[in-house]
Amino acid sequence: MNTQTRSLEAQRHEFAQRKFLAMPIAGAIMWAITGIGGLFLPSVYATWLLFICTGFIAYLGMFISKFTGENFLDKKKQKNTFDNLFFFAMGEALLVYSIAIPFFMVDYTSLPLTVGILTGLMWLPFSWIIQHWVGLFHGILRTVLVLALWYLLPELRFVAIPFAIVIVYLITILILLKRVR
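Rules behind the numbers
Residues numbered from 1 in each chain as written. Predicted model: local features only at pLDDT ≥ 70, side-chain atom pairs only at ≥ 80, totals over all residues. Heavy atoms only, no water. Phe/Tyr/Trp six-rings, centres within 6.5 Å; stacked < 30°, edge-to-face > 60°. Buried < 20%, exposed > 50% of the residue type's maximum accessible area, 1.4 Å probe, protein only. Helix = DSSP H or I, 4+ residues; strand = E, 2+ residues; numbered from the N terminus. Core = buried A, V, L, I, M, F, W, Y, C linked by side-chain atoms within 4.5 Å. Contact = heavy atoms within 4.5 Å.

(A) Seen up close, the packing of aromatic side chains. Summed over all chains, the structure comprises 16 aromatic pairs. For the pair F15 and F20, a centre-to-centre distance of 5.0 Å together with 50° between the ring planes defines the contact as tilted. Judged by its relative accessible area of 2%, F15 is buried. Summarising the aromatic geometry, the rings of F15 and F82 are spaced 6.4 Å apart at their centres and angled 45° between planes, so their arrangement reads as tilted. Here F82 lies in helix 4 (residues 81-95) and F15 lies in helix 1 (residues 8-16), a separation of 67 residues in the sequence.

Have a look at this one:
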């Protein structure tokens, strides 16, 4: 059955039954690398590491999906309209670099703030799609923590913010695991 013969509600239900672990695992790994780099690297390299790691999350997620059973690249998998919507939300997260980069050019320490918040926005439509609060939890908590840490720990922005995001990802993964059971 293709997407045109199945109702949107049926496709939404199918989509919501998935684990959704690959991307949060990839995000946690890449933000952890960013935070570790922030501990040891000079600022110029920490900024490059943040750009590279956050840009690599989707690719790492595709790789990890083979091991979580999600296999994003499986061509035999039945088409689902909500896969397309989810990828559009991911694309939206990438497009917001157009906001992050000009601020970065003015103040390089804005990068953990802008990228940390803007790339987390995709969790809001995700929550709507699967009709579960986990995306709202992730997006809102992440935004509040990133903003608070940016103001509270200006000297540790490349360390505190990435590790806060990792913690939010770990809690999100636990919620997703519980949701699947």
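(B) Region of interest: the nonpolar core. If you look at the biggest cluster of nonpolar residues, it comprises 50 residues, and the most contacted ones within it are F15, W31, L111, V115, F126 and I130. For this core, the leading source of residues is helix 9 (residues 157-180), giving 10 residues. Not counting chain neighbours up to four residues away, the residues in contact with W31 comprise L50, T54, I57, V115, G116, T119, R142, P162, I165, V166 and Y169.

(C) Region of interest: unusual backbone geometry. With phi around 60°, F20 is a residue other than glycine that occupies positive phi space. Inspection of the secondary structure puts F20 in the loop between helix 1 and helix 2 (22-40). By relative accessible area, which is 9% here, F20 ends up buried. Residues other than glycine seldom take positive phi values, yet Q131 does so here, at roughly 55°. Within the secondary structure layout, Q131 lies in the loop between helix 7 (123-130) and helix 8 (134-152). For Q131, a relative accessible area of 58% gives the class exposed.

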